[in-house]
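The residues making up each chain are set out below.
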Amino acid sequence: MSTGNLNAFRKVAFWEGVSTLILFGVAVPLKYLADQPIYVTIFGNIHGFLFLLYLIFMVMVGIKYKWNAILYVMCLLGAVIPFGAFVVDSKFLKPLSQK
């Protein structure tokens, strides 16, 4: 079975996770501590785009691998919790790519 969509999803998940950390760890503190809201705008847009890609690939991969509802929920939680995308990748996506 081809893992093209799965590998693409893993890459998107990585960058979505990075964007979450930048948004919450850099941009939001700059907004409130240094009165620099532009970084939230920039990284918020980047994160939003990556989040949408994450959802699209999650559905594509979920259909292909016949995921159950729990795995979808875990992936959704991984997209909104800081460091969650990295946990989802190591616990669920990486093992799928090694089959």
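Remember, it's a predicted structure, so these values are computed and weren't measured experimentally.

### A short note on the pattern of salt bridges
Per the stated rule, a full pass over the model turns up one salt bridge. Of the charged contacts, one joins aspartate 89 and arginine 10 as a salt bridge, the two residues approaching to 2.6 Å between their closest N and O atoms. Of the two residues, aspartate 89 sits in helix H4 (residues 84–97) while arginine 10 sits in helix H1 (residues 4–33), which places them 79 residues apart along the sequence.

### Things to note about helix H3 (residues 69–80)
Here H3 contains twelve residues, and its C-alpha end-to-end distance of 17 Å stays within 8% of the 16 Å for a straight helix at 1.5 Å per residue. Among all positions of H3, only Leu71, Cys75, Gly78 and Ala79 are buried. Each buried residue of H3 sits inside an arc of 100° when the element is viewed along its axis, so together they form one side. Exposed residues on H3 whose side chains face more than 90 degrees from its buried face are Ala69 and Ile70. Residues of H3 that are buried make contact with H1, helix H2 (38–64) and H4.

### Digging into unusual backbone geometry
Located in the positive-phi region is lysine 66, a residue other than glycine, with phi close to 55°. Within the secondary structure, lysine 66 sits in the loop between H2 and H3. One non-glycine residue, phenylalanine 83, adopts positive backbone phi at about 70°. Of note, phenylalanine 83 is situated in the loop between H3 and H4.

### With respect to the UniProt feature "domain: DUF3817" (unreviewed entry) in the protein
In the numbering used here, UniProt assigns the feature "domain: DUF3817" (unreviewed entry) to residues 6–92. The span residues 6–92 is 87% helical and 0% strand by assignment, and the distance between its end C-alpha atoms comes to 11 Å.

### With respect to the nonpolar core
With 16 residues, the main nonpolar core has Phe9, Tyr54, Trp67 and Leu93 as its most contacted residues. Listed by contribution, the elements that provide at least two residues to this core are H1, H2, H3 and H4. Ignoring any residue separated from it by four or fewer positions in sequence, one finds tyrosine 54 in contact with Phe9, Val12, Ala13, Glu16, Cys75, Gly78, Ala79 and Val88.

### Quick notes on the side chain of glutamate 16
Mapped onto the elements of the fold, glutamate 16 is located in helix H1. For the buried glutamate 16, which has no salt bridge, the nearest side chain bearing the opposite charge is arginine 10, at an N-O separation of 13 Å. When residues no more than four places from it in sequence are discounted, the contact partners of glutamate 16 are His47, Leu50, Phe51, Tyr54, Gly78, Ala79 and Ala85.

### Regarding the packing of H1 against H4
Contact pair H1 / H4: the axes reach a minimum separation of 10 Å and the direction vectors enclose 170°. One element, H1, and the other, H4, form an angle in the roughly antiparallel class. Where H1 approaches H4, its residues Leu6, Asn7, Phe9, Arg10, Ala13, Phe14, Glu16, Gly17, Val18 and Leu21 are matched on the opposing element by Ala85, Phe86, Asp89, Leu93, Lys94, Leu96 and Ser97. Its residues placed into classes, the contact of H1 with H4 shows ten nonpolar, three polar and four charged.

Calculation rules
- Residues numbered from 1 in each chain as written.
- Predicted model: local features only at pLDDT ≥ 70, side-chain atom pairs only at ≥ 80, totals over all residues.
- Heavy atoms only, no water.
- Salt bridge = Lys/Arg side-chain N within 4 Å of Asp/Glu carboxyl O.
- Helix = DSSP H or I, 4+ residues; strand = E, 2+ residues; numbered from the N terminus.
- Expected span 1.5 Å × (residues − 1).
- Buried < 20%, exposed > 50% of the residue type's maximum accessible area, 1.4 Å probe, protein only.
- Arc of directions from axis to C-beta.
- Contact = heavy atoms within 4.5 Å.
- UniProt positions renumbered as here; feature names shortened; annotations may be inferred.
- Core = buried A, V, L, I, M, F, W, Y, C linked by side-chain atoms within 4.5 Å.
- Lys, Arg positive; Asp, Glu negative; His and termini not counted.
- Axes fitted to C-alpha atoms, helices over the stretch in contact; angles between N-to-C directions.
- Parallel < 35°, antiparallel > 145°, perpendicular 65-115°, else oblique.
- Nonpolar A, V, L, I, M, F, W, Y, C, P; charged D, E, K, R; others polar.

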